[in-house]
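Descriptive analysis of the structure
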Amino acid sequence: MLLATTNEILLDDLLRLAAAAAITPLVEPDLTGLRRSWHSCSLVVVGRDLAEPLARAQPAPRPGVVMVGSALDGDELYRCAFDVGADGVFRLPDDESALAGKLADAVDGAVRTALTLAFVGGCGGAGATTLASAVALFGNRRGLRTMLIDGDPLGGGIELALGIERDPGDRWPKLLNASGRVSAAALRSALPSVDGLAVLSWDQSDVTVLPPDTMSSVIGAAQRSSDLVVVDLPRRADPAVEEGFIRAAATLLVVPCDVRSVAAAKRLVGPLRAVAGDLRVVARESRPHALSAIDVATHLSLPLATKVAPERDLPASMDQGRFDPHPRGPLSRAATQILDLFPTPESTAA
């Protein structure tokens, strides 16, 4: 990215926005440098002070040019933008968020359309976190660029189950001030990963609440850098959690096949319908003579996505920080069936 301005105050603002987007820009302080570097960067940001000299120079048309001024600048800035074929005009500070998005686009490149799946337990201990982790793991093994997001600060912590709690990388508390447009590339590169599966989880701090703007910005960045985004969400209702459900293409409600669990899950169905566009149930089989998967779906008036049986050795493995479902086990089958229900960018292209 190229920044061209002689105005030090404007340059400071632009450098701050570039740093937030994880961009190290080329800075040209005059018209000569601007014209020299005109074709060398994917995005050219021209300050108001150089807009008229640039327009008079009649540079060769190119995409990816924007002009930046202040709220006091009049129509002359738009005329200059028109003369050079600029893509847009931004007036600071009013258009700061929009300009930040433009800078993030320059880093992210082609925008992906990630399949986003939210998982929530119908009651405590339903196994939603385990199933969400399995879906992310097997999606990653399919070759999908995948991100697993732990949206429950009061849960046990996905990274503990995956055995990466000591691995370097950012956790949610580091992102608490994120708002507006978050760089997709910067987010993915900052997170710990398991065999290429990027994981956003919690550390051992006392942070228990996320601002909804942060949840929205982070999921948006995940969607722009991924083919598959899996979000594990808590049952409690707050604006950040609701944002997770709203941004998901489908929500999977994991419910054990017993009467008490179904009764607890039924209380969630109404609130979830208000925020989840495609709500389905996953029936977790527990013991003989319990309810069937069809019974669970019928009592909840929800379509049945799949059912999943217990995997005997998995809890002990997870306690030791090893999450490795058997390739032919019940969790693997359920995760595969869920992935087969929804098109992903890769399968659509194929």
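In this text the structure is predicted, and so the values were computed from the model without any measurement.

What counts and how
Residues numbered from 1 in each chain as written. Predicted model: local features only at pLDDT ≥ 70, side-chain atom pairs only at ≥ 80, totals over all residues. Heavy atoms only, no water. Helix = DSSP H or I, 4+ residues; strand = E, 2+ residues; numbered from the N terminus. Buried < 20%, exposed > 50% of the residue type's maximum accessible area, 1.4 Å probe, protein only. Right-handed = clockwise from strand over helix to strand, strands pointing away. Salt bridge = Lys/Arg side-chain N within 4 Å of Asp/Glu carboxyl O. Pairing = 2+ DSSP bridges. Contact = heavy atoms within 4.5 Å. Axes fitted to C-alpha atoms, helices over the stretch in contact; angles between N-to-C directions. Expected span 1.5 Å × (residues − 1).

Before going further, it helps to spend a moment on unusual backbone geometry. With omega at 5°, the peptide bond leading from Leu92 into Pro93 counts as cis. With respect to the secondary-structure elements, Pro93 resides in the loop between β5 (88-92) and α5 (96-108). Positive phi is not limited to glycine here, since Gln58 has a value of about 50°. Looking at the secondary structure, you find Gln58 in the loop between α3 (48-57) and β4 (65-70).

Looking now at the pairing of β5. Taken residue by residue, a regular strand's side chains alternate between the two faces of the sheet. With respect to burial, β5 is a largely interior element, five of its five residues being buried. Here β5 shows two buried faces, one formed by Gly88, Phe90 and Leu92 and the other by Val89 and Arg91. On the question of chirality, the crossover connecting β4 to the parallel β5 by way of helix α4 (residues 75-84) is right-handed.

A word on the pattern of salt bridges. Within this structure, the stated rule accounts for 15 salt bridges. Notably, a salt bridge pairs Glu76 with Arg79, separated by 2.3 Å at the nearest N-O pair. Separated by three residues within a single helix, Glu76 and Arg79 lie in helix α4, roughly one turn from each other. A salt bridge links Asp152 to Arg236; the shortest N-O distance between them is 3.9 Å. On the criterion of sequence distance, the pair formed by Asp152 in the loop between β7 (146-150) and α7 (158-162) and Arg236 in the loop between β10 (228-232) and α10 (239-247) is long-range, its members being 84 residues apart. Residue Asp152 is classed as buried on the basis of its relative accessible area of 16%. Judged by relative accessible area, Arg236 falls into the partly exposed class, the value being 30%.

Attention shifts here to the sheet that holds strand β11 (residues 250-256). Spatially, the eight strands line up as an open sheet ordered β8-β9-β7-β10-β6-β11-β12-β13, and their pairing is mixed. At either end of the open sheet lies a strand with only one pairing partner, and these are β8 (193-194) and β13 (304-308). Bridging between strand β12 (residues 279-284) and β13 involves four bridges; their strand directions are parallel. Bridged to Val282 within β13 is Thr306. In the packing of helix α11 (residues 259-275) onto the sheet, contacts are made with β6 (115-121), β11 and β12, and the angle to β11 comes to roughly 165°. Set on the sheet, helix α12 (residues 293-300) makes contact with β11, β12 and β13; between it and β12 the angle comes to about 145°.

Side chains that are three or four residues apart share a direction in an α-helix, a result of its 3.6 residues per turn. Between its first and last C-alpha atoms helix α14 (residues 330-341) spans 17 Å; for 12 residues at 1.5 Å apiece the expected length is 16 Å, and the two agree. Residues of α14 that are buried: Pro330, Leu331, Ser332, Ala334, Ala335, Ile338 and Leu339.

With that out of the way, let us pick up the sheet that holds strand β2 (residues 26-28). In spatial order, the strands read β2-β1-β3-β4-β5; together these five strands make up an open sheet with parallel pairing. Strands at the two margins of the open sheet, each flanked by one partner only, are β2 and β5. Between one strand axis and the next, the sheet turns through 20° on average, direction left out of account. Note that strand β1 (residues 2-4) and β2 share three bridges and pair parallel. For Leu2, the partnering residue across the bridge sits in β2 and is Leu26.

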